[in-house]
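The residues making up each chain are set out below.
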Amino acid sequence: MQQIANFAEAFIKLFNLGGENLMGILPTLLVLITLVNAIIAIVGQERVDKLAALASKNVITRYTILPILAVFFLTNPMCYNFGKFVEEKYKPAYYDATVSFVHPITGLFPHANAGELFVYQGIAAGITALGLSTGQLAVRYFLVGVVVILIRGIVTERITVMLMKKQAK
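Below is a summary of the structure that appears in this document. (Residues numbered from 1 in each chain as written. Predicted model: local features only at pLDDT ≥ 70, side-chain atom pairs only at ≥ 80, totals over all residues. Heavy atoms only, no water.)

### Some words on helix H5 (residues 91-99)
(1) Moving on: Where H5 is concerned, the buried positions are Ala93, Tyr94, Asp96, Ala97 and Thr98.
(2) Moving on: On the buried face of H5, the contacting elements are helix H3 (59-62), helix H4 (65-74) and helix H7 (134-168). (Buried < 20%, exposed > 50% of the residue type's maximum accessible area, 1.4 Å probe, protein only. Helix = DSSP H or I, 4+ residues; strand = E, 2+ residues; numbered from the N terminus. Contact = heavy atoms within 4.5 Å.)

Okay, structure coming up:
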């Protein structure tokens with residue numbers, strides 16, 4: 001009987017700790033989301049769309065700048081909508097690059113993918129326990145993420161084009 005009671009207490013404690021953590025995150029997320037919406041309102045949706053369309057034209061910017069803009073401004077899962085600016089044959093690669101970036105951006109811009117924030121905070125807690133900077137961790141995640149999405153985008157684009165050619169025969 002005592003084991004069941006201990007389990008129940010531990011179970012509830014887990015949710016209480018999660019709730020405390022969530023209440024610490026929510027104000028930050030709300031302010032960041034408000035800021036991004038304000039930026040879009042000030043700059044104008046049309047200008048944001050034009051920038052996204054421009055970024056889709058070049059292989060380097062298509063798999064770096066476009067996913068970064070999409071995830072920052074639209075957040076996950078709406079970020080995939082910027083795929084409308086990409087030619088059909090590049091859409092799988094754009095999706096691959098973008099979906100691969102929703103975690104690396106979280107340390108610097110937690111509003112971009114609040115669902116991933118718990119993963120990042122778990123890793124950051126270990127870094128903090130070692131006495132290291134979480135800011136440096138966030139910057140490194142971001143930079144490595146940009147390199148990874150570029151590589152994934154280019155590789156997926158080549159595979160897609162190759163498969164499309166094969167299918168056309």
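Now that the structure is up, let's keep going.
### Side note on the side chain of asparagine 113
(1) Moving on: With respect to the helices and strands, asparagine 113 occurs in the loop between H5 and helix H6 (114-129).
(2) Moving on: A distance of 3.3 Å separates a polar atom in the side chain of asparagine 113 from a polar atom in the side chain of asparagine 76.
(3) Moving on: Those residues in contact with asparagine 113, other than ones at most four positions away along the chain, are Asn76, Val102 and Thr106. (Polar contact = N/O pair within 3.5 Å; in protein donor to acceptor, adjacent residues only side chain to side chain.)

### What about a positive patch on the surface?
(1) Moving on: Residues Lys89, Lys165, Lys166 and Lys169 make up a contiguous surface patch of positive charge.
(2) Moving on: Looking at where lysine 89 falls in the secondary structure, it is placed in the loop between H4 and H5.
(3) Moving on: For lysine 89, a relative accessible area of 34% corresponds to the partly exposed category. (Patch = residues over 30% accessible without salt bridge, like charges linked within 9 Å, V, L, I, M, F, W, Y side chains within 5 Å. Areas by Shrake-Rupley, 256 points an atom, 1.4 Å probe, with all protein chains shown as cover. Salt bridge = Lys/Arg side-chain N within 4 Å of Asp/Glu carboxyl O. Lys, Arg positive; Asp, Glu negative; His and termini not counted. Charge placed at Lys NZ, Arg CZ, Asp CG, Glu CD.)

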